[in-house]
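# Residue-level structural notes
Below are the chains, spelled out letter by letter.
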Amino acid sequence: MWRFEDRLINGVTFSPDGKLVAICGRSLTIREVLSGKIIQEISKGHAFPSLVIFTPDSSQVLWTGGGDSVAWLTDVESGRDIQQFPVENTHINAIAISQDNKRVATAAGTDISIWETSTGKLFFKMSTQPPSVPQELIFLPSGKQLVSGNTGGGLYLWDLTSAKQIRGFLGHTGHIQAIAITPDGKSLFSSQGGFIFKDGQSVVDTDTSIRQWNIDTGHEIRRFNGHKNWVEGLAV
């Protein structure tokens, strides 16, 4: 069991090799899973870390702080920042990194920005229609497509060659809380939650299901019911 003097924990993620865990609190803490030993404790001093993911080889972390307009790529062993990805005039809501480690995606406001990992170069931006704001991002295994989960139930597949939206996955009415994709890139899983507008009023979303979608067609395959509360995290 690990004990934390700081009870603020915003997020937890494990490295792909299963050896490390990154914890977002008042700082970004990286520990060995088996021993609990702290490898790095990283802080920018102005915003608490809120989002973090490991690169596919587990050697680096991509992360950002709550309210921050920059995402950092940081080396796990040295704690040194390797690259940064700044957005303009707003904070970052979601981050993702492709499985070949060549591209980074950030969501800020209604914009999704695609960056070159090694140089920090901005390739292009893709925009959703207001007031739909991307809150979740995930690359398909090929690295050529991206899924965004938005406020208001928007769930979209984007082509990263043309920088255009391919299709939507229709059915959600509440904010997308979590998304996950199978390793073969054929199925998408999603959940929703938060507050929705009904009859002109803001009410609690009662849909606690997980939905499975066919990525190629956009059709819903099945639903998984049984949770009493919103599902805020998914993994396959």
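## A look at a nonpolar patch on the surface
Together, I9, V12 and F14 give the surface a local cluster of nonpolar side chains, amounting to about 290 Å² of exposed area. Structurally, I9 is set in the segment before strand 1 (11–14).

## So, the pairing of strand 14 (residues 145–150)
In terms of burial, strand 14 is a largely internal element, five of the six residues being buried. From the end of strand 14 to the start of strand 15 (residues 155–159), which pair antiparallel, there are four residues, and G152 there has a positive phi angle of about 75 degrees.

## As for the packing of aromatic side chains
In total, this model carries five aromatic pairs according to the counting rule given. Taking 5.8 Å as the distance between ring centres and 65 degrees as the angle between the ring planes, the aromatic pair formed by F169 and W213 counts as edge-to-face. Note that F169 is positioned in the loop between strand 16 (164–168) and strand 17 (175–181) and W213 in strand 21 (residues 210–214), a separation of 44 residues in sequence. Summarising the burial analysis for this pair, F169 and W213 share the class buried. Ring plane angle 40 degrees and centroid distance 6.1 Å describe the contact between F189 and F224, whose orientation is recorded as tilted. Taken together, the residues span a long stretch of sequence, with F189 in strand 18 (residues 187–193) and F224 in strand 22 (residues 220–224) at a distance of 35 residues. Of the residues examined, F189 reaches a relative accessible area of 12% and is grouped as buried. Classification of F224 as partly exposed rests on a relative accessible area of 35%. Its guanidinium or amino end placed over the ring of F123, R103 lies 5.4 Å from that ring's centre, counting from NZ or CZ.

## Let's talk about the pattern of salt bridges
Scanning the entire structure with this criterion turns up four salt bridges. We note a salt bridge from K44 to D81, for which the minimum N-O separation is 2.2 Å. Of the two residues, K44 is situated in the loop between strand 4 (38–42) and strand 5 (49–54) and D81 in strand 8 (residues 81–86); the sequence distance between them amounts to 37 residues. We classify K44 as partly exposed; its relative accessible area is 27%. Close ionic contact of D207 with R211 constitutes a salt bridge, the shortest N to O distance being 2.8 Å. When sorted by exposure, D207 lands in the same class as R211, which is buried. Sharing partners across several salt bridges, the network here consists of D207, R211, E220 and R223.

Rules of the game
Residues numbered from 1 in each chain as written. Predicted model: local features only at pLDDT ≥ 70, side-chain atom pairs only at ≥ 80, totals over all residues. Heavy atoms only, no water. Patch = residues over 30% accessible without salt bridge, like charges linked within 9 Å, V, L, I, M, F, W, Y side chains within 5 Å. Areas by Shrake-Rupley, 256 points an atom, 1.4 Å probe, with all protein chains shown as cover. Salt bridge = Lys/Arg side-chain N within 4 Å of Asp/Glu carboxyl O. Helix = DSSP H or I, 4+ residues; strand = E, 2+ residues; numbered from the N terminus. Buried < 20%, exposed > 50% of the residue type's maximum accessible area, 1.4 Å probe, protein only. Pairing = 2+ DSSP bridges. Phe/Tyr/Trp six-rings, centres within 6.5 Å; stacked < 30°, edge-to-face > 60°. Lys NZ or Arg CZ within 6 Å of the ring centre and 35° of its normal.

As far as function goes, none of this settles anything; it's purely spatial.
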